[in-house]
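Chain by chain, the residues run as shown.
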Amino acid sequence: MIAGVLRIRRTDVPLLEKEIRSEAAHYTDERVRVVTIRSREELEAFLSEKELVDIICVDVSVMDGIAQAEQLRICYPKTAIILIADVSMSPVTYMKPTILAASLLLAPLSQQQVHQALEAVFCQFIVKTKDTEVFRIETREETQRIPLSGILYFETREKKIYACTEKEEYGFYDTMDNLAERMQAHFVRCHRSYLVNISHIDKVMLSKNLVFLKQGIDLPLSRSYKAGVKECVEV
């Protein structure tokens, strides 16, 4: 899982990172990565990577903090956003439907306050995430939880199957037939080696035997799978 800590006072970063890792250890065996962002330029660079983020902590008391929180909500509609505000701020300025904060922390931060907020967020937004909305990959070391909406396609090669997002590939062992059966509500088989996310299909060119994704990726379309693709997509 990935947690983002944005524009937070340097003295608060160690506390937030420690508590995030501590709470994560209680609820999941996923590898945890905490990304600290301290400037607008770093934020823009991070957003351009289109990483899948589970929790975001953002300080709305800094300049443009509220606007950045609103931008993050647009980019991450289902991510749990924890706001950090100053006691002098009116709640009207940051408790907005354009942000939909999962929790609120008031500076100066205390260990107890951060612990309680993160505990509630993990229970509500991480643990209770519907299994139908995520794809889980189990290994000896960890469980990786990938939002289905972020998987563009599955590809089988070198005796493994890879869940492919815009930036990463996650390998695991299974059969494409079994996976296609499990994922039929969200994915359609377009080739013996490919299972494509229906929501990411931009267009299908039957004459060229290709499926084009919105991300500029094209996948092969086999004759035997054309009928199934046509049923899911307007051609």
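Computed from a predicted model, the values in this text were never measured in an experiment. (Residues numbered from 1 in each chain as written. Predicted model: local features only at pLDDT ≥ 70, side-chain atom pairs only at ≥ 80, totals over all residues. Heavy atoms only, no water.)

Undergrad: Could you clarify how one ought to interpret the packing of aromatic side chains in this entry?
TA: Each aromatic ring pair is summarised here by two numbers: the centre-to-centre distance and the angle between the ring planes. In this structure the tally under the stated criterion is five aromatic pairs. Taking the centre distance of 5.3 Å and the plane angle of 55 degrees together, the rings of phenylalanine 135 and phenylalanine 172 count as tilted. On the criterion of sequence distance, the pair formed by phenylalanine 135 in strand 6 (residues 134–138) and phenylalanine 172 in strand 10 (residues 169–172) is long-range, its members being 37 residues apart. With relative accessibility at 3%, the residue phenylalanine 135 sits in the buried group. Seen in terms of ring centroids, tyrosine 153 and tyrosine 194 are 5.9 Å apart; in terms of plane orientation they differ by 55 degrees. Their pairing is tilted. Residue tyrosine 153 is found in strand 8 (residues 153–157), and its partner tyrosine 194 is found in strand 12 (residues 194–197); the two are separated by 41 residues along the sequence. Each member of the pair, tyrosine 153 as well as tyrosine 194, carries the same accessibility label: buried. (Phe/Tyr/Trp six-rings, centres within 6.5 Å; stacked < 30°, edge-to-face > 60°. Helix = DSSP H or I, 4+ residues; strand = E, 2+ residues; numbered from the N terminus. Buried < 20%, exposed > 50% of the residue type's maximum accessible area, 1.4 Å probe, protein only.)

Undergrad: Hey, could you run me through the sheet that holds strand 14 (residues 210–213) in this one?
TA: Neighbouring strands of a sheet are bound in pairs by backbone hydrogen bonds; such pairs are parallel or else antiparallel. Pairing is antiparallel across the open sheet formed by three strands, whose spatial order is 13-14-15. Looking at the sheet topology across the chains shown, the edges are occupied by strand 13 (201–205) and strand 15 (218–220). Put simply, the sheet's adjacent strands are angled 25 degrees from each other on average, direction ignored. Of the pairings in the sheet, the one linking strand 13 to strand 14 comprises four bridges and is antiparallel in character. Bridging across to strand 14, lysine 203 finds its partner in phenylalanine 212. (Pairing = 2+ DSSP bridges. Axes fitted to C-alpha atoms, helices over the stretch in contact; angles between N-to-C directions.)

Undergrad: Whenever I open this one, the pattern of salt bridges confuses me. Can you help?
TA: Pairing is possible between side chains of opposite charge, provided their charged atoms come close. For the structure shown, the criterion picks out seven salt bridges. Taking the shortest distance from any N to any O, the salt bridge between glutamate 17 and arginine 21 comes out at 3.3 Å. Note that glutamate 17 and arginine 21 are positioned in helix 1 (residues 13–27) at a spacing of four residues, about one turn of the helix. For glutamate 17, a relative accessible area of 25% gives the class partly exposed. The exposure class assigned to arginine 21 is partly exposed, which follows from its relative accessible area of 35%. The partner of aspartate 177 in a salt bridge is arginine 189, with the nearest N and O atoms 3.1 Å apart. With a gap of twelve residues between them, aspartate 177 in helix 5 (residues 176–182) and arginine 189 in strand 11 (residues 187–191) connect regions that are remote in the sequence. When its relative accessible area of 56% is taken as the criterion, aspartate 177 is described as exposed. (Salt bridge = Lys/Arg side-chain N within 4 Å of Asp/Glu carboxyl O.)

Undergrad: What should I look at first to understand helix 1 in this one?
TA: An α-helix turns once every 3.6 residues. As a result, residues three or four positions apart point the same way. Taking 1.5 Å per residue as the helical rise, helix 1 with its 15 residues ought to reach 21 Å, and the 21 Å between its terminal C-alpha atoms agrees with that figure. For helix 1, the full list of buried residues reads Val13, Leu15, Leu16, Glu19, Ile20, Glu23 and Ala24. Within helix 1, the buried residues cover an arc of 160 degrees as seen down the axis, which keeps them to one side. Across helix 1 from its buried face, at more than 90 degrees, point the exposed residues Pro14, Lys18 and Ala25. (Expected span 1.5 Å × (residues − 1). Arc of directions from axis to C-beta.)

Undergrad: Is there a simple way to think about the pairing of strand 14 in this case?
TA: Linking strand 13 to strand 14, which pair antiparallel, is a turn of four residues; within it asparagine 209 sits at a positive phi near 55 degrees. Pairing geometry for strand 14 and strand 15, over three bridges, is antiparallel. Note on strand 15: the bridge partner recorded for leucine 210 is proline 220. The hairpin turn running from strand 14 into strand 15, its antiparallel successor, is four residues long, and glycine 216 in that turn takes a positive phi close to 85 degrees.

Undergrad: What should I look at first to understand the sheet that holds strand 12 in this one?
TA: What the five strands build is an open sheet, ordered 10-9-8-12-11; its pairing is antiparallel. A strand with exactly one partner marks an edge of an open sheet, and here the two such strands are strand 10 and strand 11. Strand after strand, the sheet turns through a mean of 25 degrees between neighbouring axes, direction not considered. Across three bridges, the pairing between strand 8 and strand 12 is antiparallel. Counterpart to phenylalanine 154 in the pairing with strand 12 is leucine 195.

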